[in-house]
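Coordinate analysis (summary)
Here is how the chains run, residue by residue.
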Amino acid sequence: MLACTFVADAASLALPVSNPVNVIVTADLGISAISLAPVLLPAALAAVAALLGCLLVIYRRDLPSASPILPATDSWVSWSGIPRPLLAAFGVAVVIFAVASALDLPLGLAMTIAWLLLLGVERLGGRLVGPLQGIGWSLLVFVAAMGCSSMGSRRLA
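Residues numbered from 1 in each chain as written. Predicted model: local features only at pLDDT ≥ 70, side-chain atom pairs only at ≥ 80, totals over all residues. Heavy atoms only, no water.

1. Quick look at the overall build of the chain
As a reminder, the rule being used: What counts as a helix is a DSSP run of H or I of at least four residues, what counts as a strand is a run of E of at least two, and both are numbered from the N terminus. For each residue, the accessible area found with a 1.4 Å probe, counting protein chains only, is set against the maximum for its type, and the residue is called buried under 20%, exposed over 50%, and partly exposed in between. We call two residues contacting when some pair of their heavy atoms lies within 4.5 Å. For the area figures, the Shrake-Rupley method with a 1.4 Å probe applies, and any residue is considered shielded solely by the protein chains shown.
When you go through the chain residue by residue, the secondary structure sums to six helices and zero strands. Taken from the N to the C terminus, the helices and strands of the chain come in the order α-α-α-α-α-α. Each of the 157 residues in the chain was classed as buried or not, and the buried ones make up 20%. In the chain, the share of contacts with a sequence separation of at least 24, taken over all contacts with a separation of at least 6, comes to 54%. Accessible surface, the chain as shown: approximately 11,000 Å² in total, 75% of it carbon and sulfur.

2. Structural notes on helix α4 (residues 84–102)
Stated precisely, the cut-off is as follows: What a helix is expected to span follows from its residue count: subtract one and scale by 1.5 Å. Here the arc refers to the directions that run from the helix axis out to each C-beta atom.
For α4, which comprises 19 residues, the first-to-last C-alpha distance of 27 Å matches the rise-based estimate of 27 Å (1.5 Å per residue) to within 8%. Residues Leu86, Ala89, Ala93, Ile96, Phe97, Ala100 and Ser101 constitute the buried set of α4. Looking down the long axis of α4, one finds its buried residues gathered within 125° of arc, a one-sided arrangement. Exposed and facing more than 90 degrees away from the buried side of α4 are Arg84, Val94 and Ala102. Directly beyond the C-terminal end of α4, a positive phi value near 60° is found at Asp104.

3. Focus: the environment of Ile96
Mapped onto the elements of the fold, Ile96 is located in helix α4. C-alpha separation for the pair Ile96 and Leu107, spaced 11 residues apart in sequence, amounts to 9.4 Å. With residues near it in sequence (within four places) discarded, Ile96 still touches Ala110, Ile113, Ala114 and Leu117.

4. Section: the nonpolar core
Just so we agree on the cut-off: What is meant by a nonpolar core is a set of buried Ala, Val, Leu, Ile, Met, Phe, Trp, Tyr and Cys residues, joined one to another through side-chain atoms within 4.5 Å.
Counting residues in each nonpolar core, the largest one holds eight residues, listed as Val23, Ala93, Ile96, Phe97, Ala100, Leu107, Ala110 and Ala114. Broken down by secondary-structure element, the contributors of at least two residues to this core are α4 and α5 (107–124). At four residues, α4 tops the list of elements feeding residues into this core. Residues contacting Ala93, with those up to four places away along its chain left out, are Ala114 and Leu117.

5. Describing a nonpolar patch on the surface
What counts here: In this scheme, patches are assembled from residues that exceed 30% relative accessible area and form no salt bridge. Like charges are connected within 9 Å, while nonpolar side chains (Val, Leu, Ile, Met, Phe, Trp, Tyr) are connected within 5 Å. Here, a salt bridge means any side-chain nitrogen of Lys or Arg that lies within 4 Å of a carboxyl oxygen of Asp or Glu.
On the surface, Leu2, Phe6, Leu56, Val57, Ile58, Tyr59 and Leu63 cluster together to form a nonpolar patch covering roughly 670 Å² of accessible area. At the level of secondary structure, the elements contributing two or more residues to the nonpolar patch comprise α1 (2–11) and α3 (33–59). Element by element, the count of residues in the nonpolar patch is highest for α3, at four residues. Note on placement: Leu2 falls in helix α1. By relative accessible area, which is 41% here, Leu2 ends up partly exposed.

6. Thoughts on the packing of α4 against α5
Keep this limit in mind: Only the stretch in contact is used when fitting a helix axis, every axis being a line fitted to C-alpha atoms; angles between N-to-C directions are given from 0 to 180 degrees. Oblique is the label for any angle not under 35 degrees, not over 145, and not in the 65 to 115 range, which are roughly parallel, roughly antiparallel and roughly perpendicular in turn. Polar here means any residue outside two lists: the nonpolar Ala, Val, Leu, Ile, Met, Phe, Trp, Tyr, Cys and Pro, and the charged Asp, Glu, Lys and Arg; Gly therefore counts as polar.
In the contact formed by α4 and α5, the axes pass within 9 Å of each other and the chain directions differ by 170°. When the axis of α4 is compared with that of α5, the two are roughly antiparallel. Packed against α4, whose contacting residues are Pro85, Leu86, Ala89, Phe90, Val92, Ala93, Ile96, Phe97, Ala100 and Ser101, the element α5 presents Leu107, Ala110, Met111, Ile113, Ala114, Leu117, Leu118 and Val121 at the interface. Across the contact of α4 with α5, the residue classes tally to 17 nonpolar, one polar and no charged.

7. Section: the environment of Ile24
Following the sequence through the fold, Ile24 ends up in helix α2 (residues 20–29). Exposure remark for Ile24: the relative accessible area of 19% places this residue in the buried category.

Honestly, that's just the spatial picture; any functional story needs more than this.
Structure follows, in structure tokens:
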């Protein structure tokens, strides 16, 4: 779990819409997400390689020779367990980000549209979890503060 979390975070460095910092940077610098990705890709690959190397060295004695847990084929862990409408909605969300990036549209708006689409498809699928359940409120406050500080620094410049 630790390795997956760290590697996913390091790999997301190259994706302009992967985290709030990248969205703010693209907005503040006035550059498109498409032009930022090739600049960040080598850094992301280096970060993933270094991280995997470090984790391998640190945890080499604890690694099992085979996977200790195999997910059920109907679980969400496997591709066959994910509802097809939700997979289609994820595909549409990727297209939304790509189009917004190519047209140099605000990525925050694209993220909001994608979130609403995914939420709607999830709701139509009968899932009864509320849209505000499971939100890490402290993270939300942190992201909002980054956005506010970014707007304030733009005014000072």
